[in-house]
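Take a look at the letters that make up each chain.
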Amino acid sequence: MRSLVFVATDKMEIHDTPEPVVGTDDVLIRVDAVGICGSDLHAYKGHDPRRVPPMTLGHEFVGTVLGGKLAGRRFTANPLVVCGRCRYCTQGRTNLCSDRTMIGMSRPGAFAERLAVPTSCLVPVPAGVSDRAAALTEPAATVVHALHLGERALMRPLAEGRALVLGAGAIGLLAVLALQRRGVVVSVVETNALRAGTLTRATGLSPILAGGVEDTYEFVFDAVGVAATRDLAIRSAAPGGVVVHAGLGDWTSPLDWRSLTLREITLIGCYTYTNADLGAAIALLGSGGFGALDWVEERPIEAGAEAFAELAAGKVASPKIVLRPGG
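This one's a predicted model, so the numbers in the text were calculated from it and none came from an experiment.

Student: How should I be thinking about the packing of helix H5 (residues 170-181) against helix H6 (residues 193-203) in this particular structure?
Tutor: The axes of two packed helices give the description: the angle between them and the distance between them. At a minimum axis distance of 11 Å, the contact between H5 and H6 shows a crossing angle of 25°. Put simply, H5 runs roughly parallel to H6. Considering only the axes of H5 and H6, their crossing is right-handed. Side by side, H5 and H6 meet where Leu-173, Val-176, Leu-177 and Gln-180 of the first sit next to Leu-199, Ala-202 and Thr-203 of the second. Class assignment of the residues belonging to the contact of H5 with H6 gives a composition of five nonpolar, two polar and no charged.

Structure representation (structure tokens):
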């Protein structure tokens, strides 16, 4: 079968790869659409030692089951394959499973025509939900999870305060759309001019400059996670505010603990999602809760190597490229 394979730093190639090995608890899925995640791009740039070439990346996908009692049904999936037994799983915090593996990292990914997926990971796609929308379930679930964590820590509802989103990639833009839907006054920092234009078309907002935002926002969401945005997130939070950190652009960076303490800022790390978040995300996508999604760009999988190169160079206006393994 055809697969887009990560073969070396800054190099993706279409290869003929073996058919997936389908275990007794798996289903075989025909991949209909798969999104390029920021973590896939980090691997491509050689910034993620967990993803070692040669391998097939990709974990934001929707597909159709081939064979068995679920044949013909459409699913997306939780790419985190969890044990179901550890203390985190039994608490419902499956994203923190101490024995988790992941599709597209420690397991073969979805940049391929077919994929073996554990049945426990399947998330049904409601009738009428497009492949484009369903392929965004994973990043949308990250946003659902982040807003839940943030609102739980705030003293007052989100809609009563001001929010700042750092980065207008897919997760950042989805966060802006979700916050606008709740009636929150939102500002966005985005330095890429192409993505800034997409942000304006999708939300009506123009990015603000990073300066002059100190002590302003009750809720700050860092969807980038580099040293500059982490510093800005702490500085821009109002006293008593909440910062939710989801971006993993840099592995480590300094943090102004004194400012964090004196202004009593709550800093929350946000990692992926739970099955409940995925279910909520697909429901919102299906009901138009994230808008028209006309900012998503679709390309055939044969154009995947070029898409990665353009994304790495910052030459893509769309925050999300979805590849079509079936053409």
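Student: What's the story with the packing of helix H4 (residues 137-153) against H5 in this structure? I'm lost.
Tutor: Running from N to C, H4 and H5 cross one another at 55°; their axes reach a closest spacing of 9 Å. In terms of axis orientation, H4 runs oblique to H5. Seen along the crossing, H4 lies across H5 with a hand that is right-handed. Side by side, H4 and H5 meet where Pro-139, Ala-140, Thr-142, Val-143 and Leu-147 of the first sit next to Ile-171, Leu-174, Ala-175, Ala-178 and Leu-179 of the second.

Student: What should I look at first to understand the environment of Val-62 in this one?
Tutor: Looking at the element boundaries, Val-62 is found in strand E4 (residues 60-65). Judged by its relative accessible area of 0%, Val-62 is buried. Sequence separation of Val-62 and Val-31 is 31 residues, and the distance between their C-alpha atoms is 6.1 Å. Setting aside anything within four residues of it in sequence, one finds Val-62 in contact with Arg-30, Val-31, Asp-32, Ala-33, Arg-74, Phe-75, Thr-76, Val-125, Asp-131, Ala-134 and Ala-135.

Student: So what exactly am I meant to see when it comes to the environment of Leu-255 here?
Tutor: Its place among the elements puts Leu-255 in the loop between strand E13 (237-245) and helix H8 (257-262). By relative accessible area, which is 27% here, Leu-255 ends up partly exposed. Sequence spacing of Leu-255 and Leu-164 is 91 residues, and the spatial spacing of their C-alpha atoms is 19 Å. Those residues in contact with Leu-255 that sit more than four places away from it in its chain are Ile-234 and Leu-267.

Student: What am I meant to see in H6 here?
Tutor: For the α-helix, the turn length of 3.6 residues means that residues three or four positions removed from each other point alike. Three or more residues of H6 are buried, namely Ala-196, Thr-198, Leu-199 and Thr-203. Burial along H6 is one-sided: seen end-on, the buried residues are contained in an arc of 160°. Looking at H6, the residues exposed on the side facing more than 90 degrees away from the buried face are Ala-193 and Arg-201. The inward-facing, buried residues of H6 abut H5 and strand E11 (185-189). The opening residue of H6, the one whose side-chain oxygen lies 2.9 Å from the backbone nitrogen of Leu-194, is Asn-192. Of the residues trailing H6, Gly-204 is marked for its positive phi of about 80°.

Student: What's the story with the nonpolar core in this structure? I'm lost.
Tutor: Side chains of nonpolar character tend, in soluble globular proteins, to be buried together. In this structure, Leu-179, Phe-219, Phe-221, Val-244, Phe-290, Leu-293 and Trp-295 are the most contacted members of the largest nonpolar core, which totals 52 residues. Residue assignment for this core shows that the elements contributing at least two residues are helix H3 (131-134), H4, strand E10 (162-166), H5, E11, strand E12 (217-222), E13 and helix H9 (275-286). Beyond its immediate stretch of four places on either side in the chain, Val-244 contacts Ala-146, Gly-150, Phe-219, Val-220, Phe-221, Asp-222, Ile-268 and Cys-270. Formed by 33 residues, the second largest nonpolar core is a distinct cluster that contains Phe-6, Met-55, Ala-307 and Ile-321.

Student: Looking at this model, I keep getting lost on the side chain of Ser-3. Mind explaining?
Tutor: Looking at where Ser-3 falls in the secondary structure, it is placed in strand E1 (residues 2-8). Taking relative accessible area as the criterion, Ser-3 reaches 1% and is therefore assigned buried. Looking at Ser-3, its side chain comes within polar contact range of the side chain of Thr-17, at 2.7 Å. What Ser-3 contacts, discounting residues up to four positions off in sequence, is Glu-13, Ile-14, His-15, Thr-17, Thr-56, Phe-111 and Ala-112.

What counts and what doesn't
Residues numbered from 1 in each chain as written. Predicted model: local features only at pLDDT ≥ 70, side-chain atom pairs only at ≥ 80, totals over all residues. Heavy atoms only, no water. Axes fitted to C-alpha atoms, helices over the stretch in contact; angles between N-to-C directions. Helix = DSSP H or I, 4+ residues; strand = E, 2+ residues; numbered from the N terminus. Parallel < 35°, antiparallel > 145°, perpendicular 65-115°, else oblique. Left-handed = near helix turned anticlockwise from the far one by under 90°. Contact = heavy atoms within 4.5 Å. Nonpolar A, V, L, I, M, F, W, Y, C, P; charged D, E, K, R; others polar. Buried < 20%, exposed > 50% of the residue type's maximum accessible area, 1.4 Å probe, protein only. Arc of directions from axis to C-beta. Polar contact = N/O pair within 3.5 Å; in protein donor to acceptor, adjacent residues only side chain to side chain. Core = buried A, V, L, I, M, F, W, Y, C linked by side-chain atoms within 4.5 Å.

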